[in-house]
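# Reading the structure
The lines below spell out each chain.
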Amino acid sequence: MKDIAVVGVGYVGLVTGACFADLGNRVVALDIDAARIAGLTRGEMPIYEPGLEELVERNVRAGRLHFTTSYEEALRSAEFVFIAVGTPSGVDGEADLQHVRAVAESIARAMTRPLVIVNKSTVPVGTGDWVADILRSTQPKPIPFAVVSCPEFLREGSAITDFMSPARTVLGSLDADAAEKVAQLHLPLRAPIVITDLRTAEMIKYASNAFLATKISFINEIANICEALGADIKEVASGMGYDPRIGRAFLEAGLGYGGSCFPKDVLALAYMAAEKGRHPQLLQAVMDINADSRRRIVERAQELLGALGGKTVGLLGLTFKPNTDDMREAPALEIASRLLAEGAVVRAYDPVGMPRATTLLPEVHMARDAYDLAGGCDAVIICTEWNEFKNLDLQRLHDAMRQPIVVDGRNIYDPAEMASYGFHYRGVGRGYDLTREKALA
Ligand SMILES: NC(=O)c1ccc[n+]([C@@H]2O[C@H](COP(=O)([O-])OP(=O)(O)OC[C@H]3O[C@@H](n4cnc5c(N)ncnc54)[C@H](O)[C@@H]3O)[C@@H](O)[C@H]2O)c1
């Protein structure tokens, strides 16, 4: 059993704290957001993540998990402190490190015993050294510490499983003993552990996210070509995915990547490269294709509906992916603003995202459920592939709509089935159906 402090109780920090507590450690989780901490002490989750509430509750009850806003309290007996604060995009696309800086300064002032500082936030290469410099220059008196990079690879929506059963743990440090101690903490997870230097560990995270984003943009590029040539991207992706060198994951054509990681991380990596005089051409193309995928879905609605002014368009799903309430960089945000700019009336429904979305999209009318959303709509655009949308009563949906037009940004429906209900249906990259429809016409 170890004493661990976790700084930042967002999507990563809260899961990290609760999971380490569940593994038998004593964890104090800290945030500067007093309302967040007050809510957690009352048992209220600040985010939606399947299984999190039960996990937090169990470990609070067992006395292994506490919440605080005080660095002194969090660090009093901690041997490890995990940094899990946000690193959003800065004005030029660089990672904004203001929160990491503030945390490093606070740790330096509050620490009273030697510490292993473990960075889980996604930070530019070189940040570990920078954090160590801040610590040294801010400490009132020198107390030994080591900095270890331990990038986080969990996915919102399956964060607890991902944390507990990671594909690998990556650790980077110039201090081999510190890296070994952090490795010991992760041993119960039974995953391969890669130990390397600080900068390489930081780079592994960016390279991994950039690669996954590239896969998504690649399949969207192929989907676009499929449309033009009359092939079906779903079958192309399956046919490709059986090849173990390729793999089926991240080959879903649609609205591209969103969320709090891929967009900012690809951008930050491109920024780091450009800053050193390199030309990240592939990363640039990945970002361009991603932006196109959202634009194209609105164009498709326009093709089917004509001018959008005065038309009512429903967005089915708002969050950037299913099983999360995270609206950061959700494609639905951009799609809604494009539709509104064209003069459409926009309605929306999401199983869990509406509380956050309401403040972000004040002009969008929120519906009670998918059928309520469809009522009076000239078109519905599927923006998020929530499971509950995959088994809708399609007849009821059809009958509720003013015009039965469905633009499926996530390819969750079968074009032939949709046609059998009388929908005018368009997915992404499903050129085969266009060809067949033309042949039948
Ligand atoms: N969200 C993900 O799926 C995910 C996955 C892997 C890695 N990451 C990385 O992890 C980091 C955290 O992401 P997140 O989504 O959990 O962020 P988040 O915005 O959900 O949470 C960050 C938390 O840090 C707190 N905070 C900010 N400044 C603080 C300070 N000075 N002291 C204490 N607390 C402070 C905020 O109040 C907030 O609660 C980012 O670098 C992100 O790129 C995120």
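Let me begin by describing the structure that accompanies this report. Position numbers for residues start from 1 in each chain and track the written sequence from start to end. Confidence filtering applies because this is a predicted model: local features only for residues at pLDDT of at least 70, side-chain atom pairs given and counted only at 80 or more, and all residues used for totals across whole chains, interfaces and linings. Values shown for side chains rest on all heavy atoms present in the structure; no hydrogens or waters enter the calculation.

## A word on the overall build of the chain
- For the chain, the helix and strand inventory stands at 18 helices and 14 strands.
- The atom set for the radius of gyration is the C-alpha atoms, and the globule formula is 2.2 Å times the number of residues raised to the power 0.38. Over its C-alpha atoms the chain spans a radius of gyration of 24 Å, differing by no more than 12% from the 22 Å that the globule rule assigns to 441 residues.
- Projecting the C-alpha coordinates of the chain onto the three principal axes gives extents of approximately 80 × 50 × 40 Å.
- Each residue gets one of three labels from its accessible area relative to the maximum for its type: buried under 20%, exposed over 50%, partly exposed in between, using a 1.4 Å probe on protein chains only. Looking at the chain as a whole, 53% of its 441 residues are labelled buried.
- In this analysis, two residues are considered to be in contact whenever any of their non-hydrogen atoms come within 4.5 Å of each other. When contacts within the chain are restricted to residue pairs at least 6 apart in sequence, those whose partners lie at least 24 apart make up 73%.
- Where accessible areas are quoted, they stem from the Shrake-Rupley method and a 1.4 Å probe; at the residue level, only the protein chains shown are allowed to cover. Accessible surface, the chain: about 19,300 Å² in total, of which carbon and sulfur atoms supply 53%. Helix and strand definitions here come from DSSP, where helices need a minimum of 4 consecutive H or I residues and strands a minimum of 2 consecutive E residues; each element is numbered from the N-terminal end.

## Topic: the pairing of strand β12 (residues 379-382)
- On β12, burial covers both faces: A379 and I381 on one face and V380 and I382 on the other are all buried.
- The pairing of strand β9 (residues 312-316) with β12 spans four bridges and is parallel. Directly across from G314, in β12, lies its bridge partner V380.
- By definition, two strands form a pair when at least two bridges between them are found by DSSP. Inspection of the sheet shows β12 paired to strand β13 (residues 405-408) by three bridges, in the parallel sense. By the bridge assignment, I382 is partnered in β13 with D408.
- On the question of chirality, the crossover connecting β12 to the parallel β13 by way of helix α16 (residues 394-400) is right-handed. Clockwise travel from the first strand over the helix to the second, with the strands pointing away from the viewer, marks a crossover as right-handed.

## Let's talk about the environment of A62
- Structurally, A62 can be placed in the loop between α3 (52-61) and β3 (65-68).
- When its relative accessible area of 46% is taken as the criterion, A62 is described as partly exposed.
- Separated by 36 residues in sequence, A62 and R26 place their C-alpha atoms 10.0 Å apart.

## Focus on the sheet that holds β13
- Pairing in this open sheet of six strands is parallel, and the strands run β11-β10-β9-β12-β13-β14 from one edge to the other. Here the strands that pair on one side only, and so sit at the sheet edges, are β11 (365-366) and β14 (424-426).
- Bridging between β9 and strand β10 (residues 345-349) involves five bridges; their strand directions are parallel. The residue bridging T312 from the neighbouring strand is V345, located in β10.
- A fitted line through C-alpha atoms represents every axis, and for helices the fit uses only the stretch in contact; the resulting angles, taken between N-to-C directions, go from 0 to 180 degrees. Its contacts with the sheet put helix α13 (residues 331-341) on β9, β10 and β12, and the angle it makes with β9 is roughly 180 degrees.

## Looking at the site of the ligand
- Being near a molecule or strand, for a residue, means having at least one of its heavy atoms within 4 Å of it. Around the ligand, a shell composed of 28 residues is seen, among which D31, Y71, T87, E156 and K264 lie nearest.
- Between an oxygen atom of the ligand and a side-chain N or O atom of D31, the distance comes to 2.6 Å.
- Here an oxygen atom of the ligand and a side-chain polar atom of K264 are 2.6 Å apart.
- Considering the ligand on its own, with 840 Å² of exposed area, one finds that the protein chains cover 90% of that surface.
- Counting residues per element, the shell around the ligand draws most heavily on helix α5 (residues 98-110), at three residues.
- Considered class by class, the residues forming the shell around the ligand number twelve nonpolar, eight polar and eight charged. Residues adjacent in sequence count toward polar contacts only when both atoms are side-chain atoms; beyond that, a polar contact is any pair of N or O atoms within 3.5 Å, and within protein one must be able to donate a hydrogen and the other to accept it. Here the term charged refers only to Asp, Glu, Lys and Arg, the term nonpolar to Ala, Val, Leu, Ile, Met, Phe, Trp, Tyr, Cys and Pro, and the term polar to all other amino acids, Gly among them.

## Things to note about the pattern of salt bridges
- Only one rule defines a salt bridge in this text: a Lys or Arg side-chain nitrogen within 4 Å of an Asp or Glu carboxyl oxygen. Applying the stated criterion across every chain yields a total of 27 salt bridges.
- The partner of E252 in a salt bridge is R248, with the nearest N and O atoms 3.4 Å apart.
- Using a relative accessible area of 45% as the deciding quantity, one classes E252 as partly exposed.
- Residues participating in the shared-partner salt-bridge network are E156, D326 and R328.

## Observations regarding unusual backbone geometry
- One non-glycine residue with positive phi stands out, namely R190, at about 55 degrees.
- Along the polypeptide, R190 turns up in the loop between α8 (176-186) and β8 (193-196).
- The phi dihedral of N411 is positive, around 50 degrees, even though this residue is not glycine.
- Along the chain, N411 falls in the loop between β13 and α17 (415-420).
- The exposure class of N411 is buried, given its relative accessible area of 2%.

## Regarding helix α12 (residues 281-305)
- For a helix, the expected span equals 1.5 Å multiplied by the residue count minus one. Here α12 spans 36 Å end to end across 25 residues, near enough to the 36 Å set by a 1.5 Å rise per residue.
- Listing the buried residues of α12 in full gives L283, V286, M287, I289, N290, S293, R294, I297, V298, R300, A301 and L305.
- G306 sits one or two residues past α12 and shows a positive phi near 80 degrees.

## Here's the deal with the side chain of R300
- Tracing the backbone shows R300 in helix α12.
- Not counting chain neighbours up to four residues away, the residues in contact with R300 comprise E227, V407, R426, G427 and V428.

## Focus on the packing of α12 against α13
- The geometry of α12 relative to α13 is characterised by a closest axis approach of 10 Å and an angle of 45 degrees between their N-to-C directions. The orientation of α12 with respect to α13, classified from their angle, is oblique. Relative to α13, α12 is oriented so that their crossing is right-handed. Judged by residue contacts, R294, R295, I297 and V298 of α12 engage P331, E334, I335, R338 and L339 from α13. Just so you know how the angles are binned, under 35 degrees is roughly parallel, over 145 roughly antiparallel, 65 to 115 roughly perpendicular, and the rest oblique. By convention, the crossing between two helices is left-handed when the near helix turns anticlockwise from the far helix through less than a right angle, and right-handed when the turn is clockwise.

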